[in-house]
Amino acid sequence: MINSHSWQTLYINVNLATMSDGGNSYGEMNQAALAVSQGKIAWLGLMSELPDYDHSTIKVVDGEGKWLTPGLIDCHTHLVYGGSRANEFEMRLQGKSYQEIAAAGGGIVSTVTATRAASEETLFNAALPRLQALHEQGVTTVEIKSGYGLDTKNEVKMLKVAEQLAQALPVTVKKTFLGAHALPTEYKDKPQDYIDLVCNEMMPVVVEHKLADSVDVFCEGVGFNLAQTEQVFSAAKKHGLSVKVHAEQLSNLGATELAATYNALSSDHIEFLDEAGVKAMKKSGMTAVLLPGAFYFLRETQLPPMDLLRKYDVPMALATDANPGTSPLHNIQLMLNMGCTLFRLTPSEALAGVTCHGAKALGLSANKGQLAVGFDADIALWSISQPAELCYQFGVNPLVSLMKNGEQVI
């Protein structure tokens with residue numbers, strides 16, 4: 001017997017993309033209804049199976065044939081940063097090389113300088129419109145990384161701002177400590193000393209103040225090597241923090257296989273990942289996070305190993321990688337389109353990438369990313385005729401309303 005007395009909101013005459021099929025399909029349910037109670041999904045099913053309910057005590061929303069999906073999830077961003085890199089974008093288009101731009105004070109160094117110089121208030125005020133833009137496109141959960149402070153004081157500052165953003169908007173914010181993002185200028189030619197600082201000083205402070213859920217490392221020729229990456233992973237494990245990795249973006253160093261031995265949540269970018277790395281991901285239950293915005297903005301040509309990821313049934317998440325240097329793109333709907341056009345995802349795979357698989361990449365697959373009984377009532381209502389429209393069209397926002405933990409927020 002279904003108890004409808006506790007229902008608070010009921011959507012009727014809707015179509016559901018439950019995303020409970022892992023991207024193999026949308027998990028479609030047509031001519032359906034969905035009930036919400038105490039911030040959770042309490043019931044869903046066909047209109048023909050809808051139990052009796054009390055119209056006087058329940059807010060009833062007639063969806064008029066529109067579509068419900070889970071609230072969208074952007075599982076890889078760098079939303080908090082100071083300054084702008086538009087001048088470098090212009091220099092690059094004028095023919096300047098990466099080395100010339102770096103010599104002129106550009107690159108990540110310029111963002112670190114601007115972030116260090118900015119107050120918490122300045123960083124918050126700059127990041128809020130970025131998060132607001134994502135939220136208005138249906139995002140209810142986002143990950144925000146540090147990594148532009150590169151010293152204890154400023155890494156802490158970035159993570160505090162990320163927490164403030166979580167208080168400012170009805171969006172779940174997962175915070176990731178990315179102290180091992182790049183080598184700061186004061187540690188030039190002393191990478192091991194810097195990694196020791198990340199592990200022995202920065203991370204304990206971050207843990208003490210409960211500022212991060214996960215730890216990330218940029219393992220690459222222009223970042224940190226395997227031994228340094230493992231040192232950070234080992235420290236994270238001791239502190240009980242989850243592990244993620246920026247890996248195989250520019251070359252194949254084996255960082256994904258290493259991360260798998262630490263039961264990492266995800267490996268992100270992975271354009272140069274090989275079959276051994278994909279097998280390791282499958283064995284350890286990792287998620288592949290695809291970032292087409294960076295691929296597009298950098299005009300890369302090496303595609304991620306989509307066929308191998310499908311062959312081994314590795315979940316594929318999709319995210320903006322919103323950052324000032326390589327993906328200054330704050331639009332999750334654009335990522336849905338790019339995931340399909342650039343990376344050849346099917347629309348159902350792309351939508352899974354920003355729902356059920358995005359949740360998995362953040363360790364949230366038990367309560368977010370699907371329309372299912374007992375899951376958080378983070379729900380988007382779209383004025384579309386079929387789910388593929390969310391990937392097909394870009395520039396016109398079809399979001400009608402957005403629910404977060406059972407409350408309508410848009």
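Counting restarts for each chain, with residues numbered from 1 along the sequence as it is written. This being a predicted model, a pLDDT of at least 70 is required before a residue's local features are given, and a value of 80 or more before pairs of side-chain atoms are given or counted; all residues contribute to the totals for chains, interfaces and linings. Side-chain numbers here rest on the full set of heavy atoms in the structure, without hydrogens or water.

**Q** I tried to follow the sheet that holds strand β12 (residues 287-290) on my own but got confused; where do I start?
**A** Note: strands within a sheet are paired through backbone hydrogen bonds, in either parallel or antiparallel orientation. Two strands form a pair only when DSSP identifies at least two bridges running between them. Think of it this way: any DSSP run of H or I at least four residues long counts as a helix, any run of E at least two long counts as a strand, and we number them from the N terminus. The strand order across the open sheet built from 8 strands is β6-β7-β8-β9-β10-β11-β12-β13, with neighbouring strands paired in parallel fashion. The outermost strands of the open sheet, each flanked by one partner alone, are β6 (72-74) and β13 (316-318). Each strand of the sheet is rotated relative to its neighbour by a mean of 25°, with strand direction disregarded. Pairing between strand β9 (residues 214-218) and strand β10 (residues 242-247): 5 bridges, direction parallel. By the bridge assignment, D216 is partnered in β10 with K244. Across the sheet, helix α6 (residues 191-208) touches β8 (172-180) and β9, and the angle it forms with β8 is around 150°. Only the stretch in contact is used when a helix axis is fitted, and all axes are lines through C-alpha atoms; the angle between N-to-C directions ranges over 0 to 180 degrees. Contact between two residues is taken to exist if any of their heavy atoms lie within 4.5 Å; hydrogens are not considered.

**Q** I tried to follow the packing of aromatic side chains on my own but got confused; where do I start?
**A** For any two aromatic rings, the description comes down to two numbers: the centre-to-centre distance and the angle of the planes. Aromatic pairs are defined between Phe, Tyr and Trp rings, using the six-membered ring for Trp, whenever the two ring centres lie within 6.5 Å; interplanar angles under 30 degrees are classed as stacked, those over 60 as edge-to-face, and all others as tilted. Applying the stated criterion across every chain, the model contains 7 aromatic pairs. With 5.1 Å between their ring centres and 75° between their planes, F295 and F343 make a pair best called edge-to-face. Taken as a pair, F295 in helix α10 (residues 292-297) and F343 in the loop between α12 (332-341) and α13 (347-353) lie far apart in primary sequence, 48 residues in all. Judged by relative accessible area, which is 8%, F295 ranks as buried. Burial classes: relative accessible area under 20% of the type maximum marks a residue as buried, over 50% as exposed, and values in between as partly exposed (1.4 Å probe, protein chains only). Judged by relative accessible area, F343 falls into the buried class, the value being 1%. Aromatic ring contacts, followed pair by pair, group Y187, Y194 and F224 into a single cluster. Here, a charge over a ring is recorded when the distance from Lys NZ or Arg CZ to the ring centre is within 6 Å and its angle to the ring normal is within 35 degrees. In this arrangement the basic side chain of R130 is found over the ring face of Y81, its NZ or CZ atom lying 3.6 Å from the centre. Over the ring of Y187 we find K190, and its NZ or CZ is 5.5 Å from the ring centre.

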